[in-house]
Amino acid sequence: MIRFLIALLACAVLLALGSLYAHAHGWIGVLPSFFYQTLIFLVFSTAIIFRYLYKSNKTGLFLQLYLLTMVVKFIAYGAYNLFVILEDKPGAVANVVFFMLGYFIFTVVEIAFLYHRITSGGER
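Quick caveat: nothing in here was measured; it's all calculated off a predicted structure.

Taken together, the side chains of Val 13, Leu 17, Leu 20, Tyr 36, Ile 40, Phe 44 and Ile 48 define a hydrophobic patch exposed on the protein surface, amounting to about 720 Å² of accessible area. Top element by residues in the nonpolar patch is helix H2 (residues 35-55). It accounts for four residues. Summarising the element assignment, Tyr 36 is placed in helix H2.

Attention now goes to the packing of aromatic side chains. Describing an aromatic ring pair means giving the distance of the ring centres and the angle of the ring planes. The tally for this structure, following the rule as stated, stands at 15 aromatic pairs. Note on Phe 41 and Tyr 80: the rings are 4.7 Å apart at their centroids and 25° apart in plane angle, and the pair reads as stacked. In this pair, Phe 41 sits in helix H2 while Tyr 80 sits in helix H3 (residues 62-87), placing the two residues 39 residues apart along the sequence. Residue Phe 41 is classed as partly exposed on the basis of its relative accessible area of 27%. Taken together through their ring pairs, the aromatic side chains of Phe 41, Phe 74, Tyr 77, Tyr 80, Phe 99 and Tyr 103 make up a single cluster. Above the plane of the ring of Tyr 54 lies Arg 117, whose end atom (NZ or CZ) is 4.4 Å from the centre.

Before going further, it helps to examine helix H1 (residues 2-24). Here H1 spans 33 Å end to end across 23 residues, near enough to the 33 Å set by a 1.5 Å rise per residue. Those residues of H1 that sit buried are Phe 4, Leu 8, Cys 11, Ala 12, Leu 15, Ala 16, Ser 19 and Ala 22. Immediately downstream of H1, the backbone of Gly 26 shows phi near 80°, a positive value.

What follows is about the side chain of Lys 73. Position of Lys 73 among the secondary structure elements: in helix H3. Those residues in contact with Lys 73 that sit more than four places away from it in its chain are Ile 49, Gly 78, Tyr 103, Thr 107 and Glu 110.

By size, the foremost hydrophobic cluster in this structure holds 30 residues, and its most contacted members are Leu 39, Leu 53 and Phe 106. Elements with a contribution of two residues or more to this core: H1, H2, H3 and helix H4 (92-120). Among the elements that make up this core, the one with the highest residue count is H2 (nine residues). Setting aside its immediate chain neighbours within four residues, Leu 39 contacts Ala 12, Leu 15, Ala 16, Phe 98 and Phe 106.

Okay, the packing of H2 against H3 next. Where H2 contacts H3, the two axes come as close as 11 Å, and the packing angle between them is 165°. When the axes of H2 and H3 are compared, the pair comes out roughly antiparallel. Crossing of H2 against H3: the hand is right-handed. Contact residues: H2 offers Gln 37, Thr 38, Phe 41, Leu 42, Ser 45, Thr 46, Ile 49, Tyr 52 and Leu 53, while H3 offers Phe 62, Leu 65, Tyr 66, Thr 69, Lys 73, Ala 76, Tyr 77 and Tyr 80. A breakdown of the residues in the contact of H2 with H3 according to their chemical character gives 11 nonpolar, five polar and one charged.

Structurally, Asn 81 is set in helix H3. Given the relative accessible area of 13%, Asn 81 is considered buried. Along the sequence, Asn 81 and Leu 63 sit 18 residues apart, while their C-alpha atoms lie 26 Å from each other. Contact partners of Asn 81, with chain neighbours within four places excluded, come to Val 96 and Phe 99.

Conventions we followed
Residues numbered from 1 in each chain as written. Predicted model: local features only at pLDDT ≥ 70, side-chain atom pairs only at ≥ 80, totals over all residues. Heavy atoms only, no water. Patch = residues over 30% accessible without salt bridge, like charges linked within 9 Å, V, L, I, M, F, W, Y side chains within 5 Å. Areas by Shrake-Rupley, 256 points an atom, 1.4 Å probe, with all protein chains shown as cover. Salt bridge = Lys/Arg side-chain N within 4 Å of Asp/Glu carboxyl O. Helix = DSSP H or I, 4+ residues; strand = E, 2+ residues; numbered from the N terminus. Phe/Tyr/Trp six-rings, centres within 6.5 Å; stacked < 30°, edge-to-face > 60°. Buried < 20%, exposed > 50% of the residue type's maximum accessible area, 1.4 Å probe, protein only. Lys NZ or Arg CZ within 6 Å of the ring centre and 35° of its normal. Expected span 1.5 Å × (residues − 1). Contact = heavy atoms within 4.5 Å. Core = buried A, V, L, I, M, F, W, Y, C linked by side-chain atoms within 4.5 Å. Axes fitted to C-alpha atoms, helices over the stretch in contact; angles between N-to-C directions. Parallel < 35°, antiparallel > 145°, perpendicular 65-115°, else oblique. Left-handed = near helix turned anticlockwise from the far one by under 90°. Nonpolar A, V, L, I, M, F, W, Y, C, P; charged D, E, K, R; others polar.

Now the structure itself:
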C-alpha cells in the first residue's frame with residue numbers, strides 16, 4: 001500500500017512538473033485553470049478507491065467491486081468535468097485534456113498495483 005502511494009505521488013509530481021516545464025518552454029500555450037484542483041482530485045480519488053479495493057477481502061467479488069468503482073469514478077469524474085466546463089468555458093479543452101491525461105496515468109498505476117496484488121498475493 002505504501003509503495004502505491006509513493007508511486008501515485010511521484011506520478012503526480014512528475015505530471016505537475018512536466019506540465020509546468022512544457023508551459024514555461026512554450027510547448028503548451030496555457031495551463032488549465034483547474035490545474036491543481038484536478039491533480040489533487042485525481043490523486044485523492046485514486047488513492048481512496050485503491051485502498052478500498054486493496055483492503056477488500058472478497059476475492060470472489062473483486063471483479064464486481066472493481067467494475068462498481070469504475071462506474072462510480074465515471075459518474076463522479078463526469079460531474080467534475082461538467083462543473084469545470086461550465087465554470088471555464090474558454091479553457092474547457094485544456095482542463096479536460098489535462099484531466100484525461102492524469103486519469104490515464106493514475107489508472108495505469110492503479111491497475112498495475114492491483115494486478116500485482118492479485119497475481120502474487122501482494123504485500124499485506
